[in-house]
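So the chains spell out like this:
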Amino acid sequence: MSGNWPNAVDKEVLDLIREEAERQNSNIQLIASENFASPQVLAVTGSVLTNKYSEGYPSKRYYGGNAVIDEVETLAIRRLIDLMGAEYANVQPHSGANANLGAYLALIKPGDTVLAMSLDQGGHLTHGSPANATGQLYRFVPYGVTPASLDGGERIDMDQVRDIALKERPKLIVAGATAYSRIIDPEPFRRIADEVGALLMFDAAHIAGLVAGGVHPSPVPFADVMTFTTHKTLRGPRAGAIVCKEEIGTKIDKAIFPGLQGGPLEHVIAAKAVAFKEASTPEFKEYAAQIVTNAKALAESLASSGFRLVSGGTDNHLILVDLRDFDAELSGKEAQLCLERAGIVCNRNQIPGDPRSPFVTSGLRLGTAAQTTAGMGPEQMEVIGSMIASALRNRADDEAVAKINQEVGNLCSEFHPYEGVVAQRGAAGVTD
Ligand SMILES: *Cc1c(COP(=O)(O)O)cnc(C)c1O
């Protein structure tokens with residue numbers, strides 16, 4: 001006799017999962033913060049490890065029965081330390097936002113001054129938005145990018161970072177962004193932090209996979225703490241993680257639990273362990289390099305179709321498109337909706353100095369991590385760039401947009417992430 005659960009398959013939910021799997025397989029996913037996790041990551045996320053309470057840390061748990069769980073979490077920690085070349089790791093954050101709040105709780109006190117990238121220039125909600133706990137608990141002062149009018153403009157203004165740091169004497173400096181297409185060099189941030197006696201946190205949420213894959217400079221030797229998400233370029237389960245210097249490890253651990261979270265999600269931690277191993281392979285290095293190659297190809301295609309790219313291009317997985325040169329009437333909101341009708345999924349985004357509101361915007365953010373996982377290369381990126389231009393140019397013509405949607409379907413029938421049971425049922429191992 002095995003578990004006495006209801007026998008009936010929950011068709012309502014399974015059908016929705018199947019529908020979503022179909023959507024992911026048949027549209028072009030250009031959301032820069034998304035990716036397609038491997039079938040193994042999906043399967044492990046759906047494992048019996050979800051049943052276990054394991055508040056605390058390996059060999060220091062509040063409940064019994066954690067011998068196996070301790071091994072799972074220890075394996076994840078060890079793999080992450082190896083992957084990032086770090087001194088210390090905490091794999092429990094449920095998300096990138098929790099990793100960030102945990103790092104702040106560990107390193108600073110409410111009311112302390114923090115220097116971070118302005119939200120309207122590319123920073124994240126958790127870098128001090130007044131709508132977020134971080135903005136309510138701490139005194140954030142923002143830095144931004146150089147003016148677009150400058151040659152080589154719209155890059156993080158390191159002179160400004162230093163000037164503000166000298167004036168404001170922050171306890172913590174945050175590097176890292178959510179809508180910035182260039183390499184963020186951690187070294188000058190470290191120099192400025194040392195000069196003003198601040199700690200340095202690097203939020204690598206977007207670029208963790210590029211760092212792990214060796215195509216972006218690692219912040220680990222320079223930052224006191226590096227927070228990141230595991231589901232963006234790193235291609236693991238939806239979650240967060242932290243690596244840091246040994247001497248602040250205990251503070252970080254205490255901040256995450258019991259400071260911020262309750263029981264860790266050990267099924268997700270096991271899936272992180274799988275993803276960390278996947279990310280340590282030579283294939284992942286190739287994948288990470290291909291993401292950037294693809295982003296450059298998409299950027300070129302868009303530029304040749306008349307779009308202005310913020311900072312003139314990209315060094316990473318994402319492109320910030322300024323729509324105004326292409327069509328002054330076209331907002332990011334309208335462009336996002338039009339592209340979705342064409343089967344191309346992306347998000348509107350403010351550009352530095354955007355005259356439109358964050359809900360409307362003058363920009364689009366596009367990323368190549370997901371479609372690179374689906375097997376696409378520069379050739380497909382060029383086609384996608386033309387499809388984007390054509391859909392937006394013909395947005396009033398339903399037939400023209402529908403025709404592009406069909407071309408998108410054809411392209412995705414050749415390049416899509418999931419086959420077999422995952423494609424059919426949307427979940428590894430679920431049968432009905
Ligand atoms: C995505 C992101 C986060 C938050 O991650 P969630 O898992 O959505 O909470 C934090 N910082 C940056 C820079 C991000 O891009």
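Nothing here was measured: the structure is a model prediction, and the numbers come from that model.

### A look at the pattern of salt bridges
Scanning the model with the defined rule gives 21 salt bridges in all. For Lys167, the salt bridge is made with Glu168, and the minimal N-O distance between the two is 3.5 Å. You can call Lys167 exposed: its relative accessible area is 66%. A salt bridge links Asp322 to Arg308; the nearest nitrogen and oxygen atoms lie 2.9 Å apart. Remark: Arg308 occurs in strand β11 (residues 308-309) and Asp322 occurs in strand β12 (residues 318-322); sequence separation between them is 14 residues. Judged by relative accessible area, Asp322 falls into the buried class, the value being 1%. For Arg308, a relative accessible area of 23% translates into the label partly exposed. Within this structure, Arg61, Asp70, Glu73 and Glu266 form a network of salt bridges that share partners.

### Points about the site of the ligand
With respect to spatial proximity, 14 residues lie near the ligand, and among them Gly96, Ala97, Asp203, His206 and Lys232 are the closest. Here Gly96 contributes a backbone N or O atom positioned 2.9 Å from an oxygen atom of the ligand. His206 is positioned such that a nitrogen or oxygen atom in its side chain is 3.4 Å from an oxygen atom of the ligand. In isolation the ligand exposes 380 Å². Once the protein is present, 85% of that is buried. No other element matches the three residues that helix α4 (residues 96-107) contributes to the shell around the ligand. For the shell around the ligand, the residue count by class is three nonpolar, nine polar and two charged.

### Quick notes on helix α1 (residues 11-26)
Its 16 residues place the ends of α1 22 Å apart at the C-alpha level, agreeing with the 22 Å of an ideal helix rising 1.5 Å per residue. Buried within α1 are the following residues: Leu14, Ala21 and Asn25. Along the axis of α1, the buried positions cluster into a sector of 35°, meaning they face one direction only. Residues of α1 that are exposed and angled more than 90 degrees away from the buried face: Glu12, Leu16 and Glu19.

### Thoughts on unusual backbone geometry
Among all residues save glycine, negative phi is the norm, and among peptide bonds the norm is trans. Residue Pro258 is bonded to the preceding Phe257 through a cis peptide linkage, with omega at 10°. Here Pro258 shows up in helix α9 (residues 249-260). Phi is positive for Ser59, close to 65°, though the residue is something other than glycine. Mapping Ser59 onto the fold places it in the loop between β2 (56-57) and β3 (60-61). Of the residues examined, Ser59 reaches a relative accessible area of 65% and is grouped as exposed.

### Points about empty space enclosed by the protein
Overall, the coordinates contain two cavities of 30 Å³ or more when judged by the stated rule. Counted as a void, the largest cavity has a volume near 90 Å³. Forming the walls of the largest cavity are 16 residues, and the residues nearest its centre are Ala177, Tyr180, Ile184, His206 and Ile207. Counted by class, the lining of the largest cavity contains nine nonpolar, five polar and two charged residues. Looking at which domains feed residues into the lining of the largest cavity, each of domain 1 (44-278) and domain 2 (282-412) gives three or more. Reported here for the second largest cavity is a volume of approximately 50 Å³. Contributing to the lining of the second largest cavity are Gln121, Val145, Glu154, Ala179, Tyr180, Ser181, Val310, Ser311, Leu318, Leu320 and Pro352. Residue classes in the lining of the second largest cavity are distributed as seven nonpolar, three polar and one charged. A domain-level breakdown of the lining of the second largest cavity finds at least three residues from each of domain 1 (44-278) and domain 2 (282-412).

### Examining the domain arrangement of the chain
Taken as a whole, the chain is organised into domain 1 (44-278) and domain 2 (282-412). The interface is formed by 24 residues belonging to domain 1 together with 27 residues belonging to domain 2. Between domain 1 and domain 2 lies a buried interface of about 2,100 Å² when both sides are counted; carbon and sulfur atoms form 54% of it. For the domain 1 face of the interface with domain 2, the top three residues by lost area are Glu154, Ser181 and Arg235, together amounting to 27%. For the pair domain 1 and domain 2, the interface holds 16 residue pairs in polar contact (both at pLDDT 80 or more). Of the residues in the side of domain 1 that touches domain 2, the class split is nine nonpolar, nine polar and six charged.

### A closer look at a nonpolar patch on the surface
Side chains of Tyr53, Tyr62 and Tyr63 sit close together on the surface and give an oily, nonpolar patch of about 390 Å² of accessible area. The exposure class of Tyr62 is exposed, given its relative accessible area of 61%.

### Some points on the nonpolar core
One broad rule of soluble globular proteins: the nonpolar side chains tend to lie buried together. By size, the foremost hydrophobic cluster in this structure holds 52 residues, and its most contacted members are Leu80, Met84, Tyr143, Ile173, Phe189, Phe228 and Leu234. Taken domain by domain, the makeup of this core includes at least three residues from each of domain 1 (44-278) and domain 2 (282-412). Other than its neighbours up to four places away in sequence, Ile173 contacts Leu115, Ala165, Phe189, Ile192, Ala193, Val196, Ala198, Leu199, Leu200 and Met201. The next biggest cluster of nonpolar side chains, apart from the first, holds 35 residues, and it includes Leu309, Met376, Ile388 and Ala389.

### Some thoughts on the sheet that holds strand β14 (residues 347-349)
Taken together, the four strands give an open sheet; going across it, the order is β11-β12-β15-β14, and neighbouring strands pair in antiparallel fashion. The sheet terminates laterally at β11 and β14, the two strands that pair on one side only. Sheet topology places β14 next to strand β15 (residues 363-367); three bridges connect them, and they run antiparallel. Opposite Asn347, over in β15, you have Arg365 as the bridge partner. The strands that helix α12 (residues 332-341) touches are β14 and β15; relative to β15, the one it contacts most, it runs at about 45°.

Cut-offs used in this document
- Residues numbered from 1 in each chain as written.
- Predicted model: local features only at pLDDT ≥ 70, side-chain atom pairs only at ≥ 80, totals over all residues.
- Heavy atoms only, no water.
- Salt bridge = Lys/Arg side-chain N within 4 Å of Asp/Glu carboxyl O.
- Buried < 20%, exposed > 50% of the residue type's maximum accessible area, 1.4 Å probe, protein only.
- Helix = DSSP H or I, 4+ residues; strand = E, 2+ residues; numbered from the N terminus.
- Near = heavy atom within 4 Å.
- Polar contact = N/O pair within 3.5 Å; in protein donor to acceptor, adjacent residues only side chain to side chain.
- Areas by Shrake-Rupley, 256 points an atom, 1.4 Å probe, with all protein chains shown as cover.
- Nonpolar A, V, L, I, M, F, W, Y, C, P; charged D, E, K, R; others polar.
- Expected span 1.5 Å × (residues − 1).
- Arc of directions from axis to C-beta.
- 1 Å grid on protein atoms, 1.4 Å probe; cavity = no way out; pocket = protein on both sides within 12 Å on 5 of 7 lines; lining within 4 Å.
- Points joined across faces, edges and corners; volume = space filled by probe spheres on them.
- Domains from an automatic or database assignment.
- Contact = heavy atoms within 4.5 Å.
- Buried area = accessible area lost by both parts, 1.4 Å probe.
- Patch = residues over 30% accessible without salt bridge, like charges linked within 9 Å, V, L, I, M, F, W, Y side chains within 5 Å.
- Core = buried A, V, L, I, M, F, W, Y, C linked by side-chain atoms within 4.5 Å.
- Pairing = 2+ DSSP bridges.
- Axes fitted to C-alpha atoms, helices over the stretch in contact; angles between N-to-C directions.

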